[in-house]
Amino acid sequence: MAQPASSRMDGESIFLTLRTEILSGVHQPGTPMREVTLAERFGVSRTPVREALSRLQQERLLERVARGLHVPKVDPQQVIQVYDMRILLEEEAAGQAARARQFTDQMRLEALLERDRGLSSPDDQTRINTNLEFHAAVWACAHNPVLQDLLERLSTHLIHAPRSTLSIGQRWEDALEEHAGLVAAIDRQDAEAARQIARAHMETARTLRLQLLREGALQEQRRSYQP
């Protein structure tokens, strides 16, 4: 549906809207992103849409295929590579956060932890969003813009995974306890403990992701053998 003339969007607004929708799972892997359709939706010419799509492609939130741009599908090898890098960077961010955190940083971490503990049987997408917000708050505590930027970029590579590791068994509850341990270590400025907790936390996530990828591969094989 076209936007009213008074609220028509520019390339930046279209980019931010589509980026938020992709990151929140509104557009599933394989969804095409067509200039004409989006221009009609936002009530603009194709030029600002083309600009927005180009930026999304640069961020690897879209990929080009024979018929145009679409939301990427899961690449298992790349997913594991992302986890390997996040283990290293999350550990470093936690250590730096413990050394550099300020009072307001600590208050935010404690508030996010309390909020997440108060959620009652959150759905998969809520777990993904709140978990990412907590981790982003830890990165911010490090007061290292370069490290924060690297982690933000890495986190976008995991959005296409069809299911969160936080929805496996008791992982959500366990993860919250690990978050609590990390918050406590950062509060007492124990950099070594914070690093150890962050590494173990992400290594568990990597193990669970491998489990999900294997299950997905087995299901795909079974479907391919069905008559």
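Residues numbered from 1 in each chain as written. Predicted model: local features only at pLDDT ≥ 70, side-chain atom pairs only at ≥ 80, totals over all residues. Heavy atoms only, no water.

A. Main features of the pattern of salt bridges. Counted under the stated rule, the structure contains 19 salt bridges. Close ionic contact of Arg50 with Glu35 constitutes a salt bridge, the shortest N to O distance being 3.2 Å. Here the residue Arg50 occupies a position in helix α3 (residues 46-58), and Glu35 occupies one in helix α2 (residues 35-42), the gap between them amounting to 15 residues. As a salt-bridge pair, Arg195 and Glu92 come within 2.7 Å of each other at their nearest N and O atoms. (Salt bridge = Lys/Arg side-chain N within 4 Å of Asp/Glu carboxyl O. Helix = DSSP H or I, 4+ residues; strand = E, 2+ residues; numbered from the N terminus.)

B. Structural view of the nonpolar core. Of all hydrophobic cores here, the largest spans 19 residues; its most connected members are Leu109, Phe134, Val138, Leu182, Ile186 and Ala194. Broken down by element, the residue count for this core peaks at 5 residues, all from helix α8 (residues 171-187). When sequence neighbours within four positions are dropped, the list of residues in contact with Leu109 reads Phe134, Ala137, Val138, Cys141, Val183 and Ile186. In terms of nonpolar packing, the next biggest core, distinct from the first, is built from 17 residues, Met33, Val49, Leu61 and Val71 among them. (Core = buried A, V, L, I, M, F, W, Y, C linked by side-chain atoms within 4.5 Å. Buried < 20%, exposed > 50% of the residue type's maximum accessible area, 1.4 Å probe, protein only. Contact = heavy atoms within 4.5 Å.)

C. Structural view of the environment of Gly118. Looking at the secondary structure, you find Gly118 in the loop between α5 (103-117) and α6 (124-141). Gly118 sits 55 residues away from Glu173 along the chain, and the two C-alpha atoms are 11 Å apart.

D. Highlighting the packing of helix α4 (residues 76-100) against α8. At their nearest, the axes of α4 and α8 sit 7 Å apart, and the two run at 40° to each other. The angle between the axes of α4 and α8 places the two elements in the oblique class. Residues Ala94, Ala97 and Ala98 of α4 lie in contact with α8, whose contacting residues are Leu182, Ala185 and Ile186. The class makeup of the residues in the contact of α4 with α8 is 6 nonpolar, no polar and no charged. (Axes fitted to C-alpha atoms, helices over the stretch in contact; angles between N-to-C directions. Parallel < 35°, antiparallel > 145°, perpendicular 65-115°, else oblique. Nonpolar A, V, L, I, M, F, W, Y, C, P; charged D, E, K, R; others polar.)

E. Structural context of unusual backbone geometry. Unlike most non-glycine residues, Arg60 shows phi in positive territory, near 65°. When you line up the elements, Arg60 lands in the loop between α3 and β2 (63-65). Taking the relative accessible area as the measure of exposure, Arg60 reaches 48% and is therefore partly exposed.

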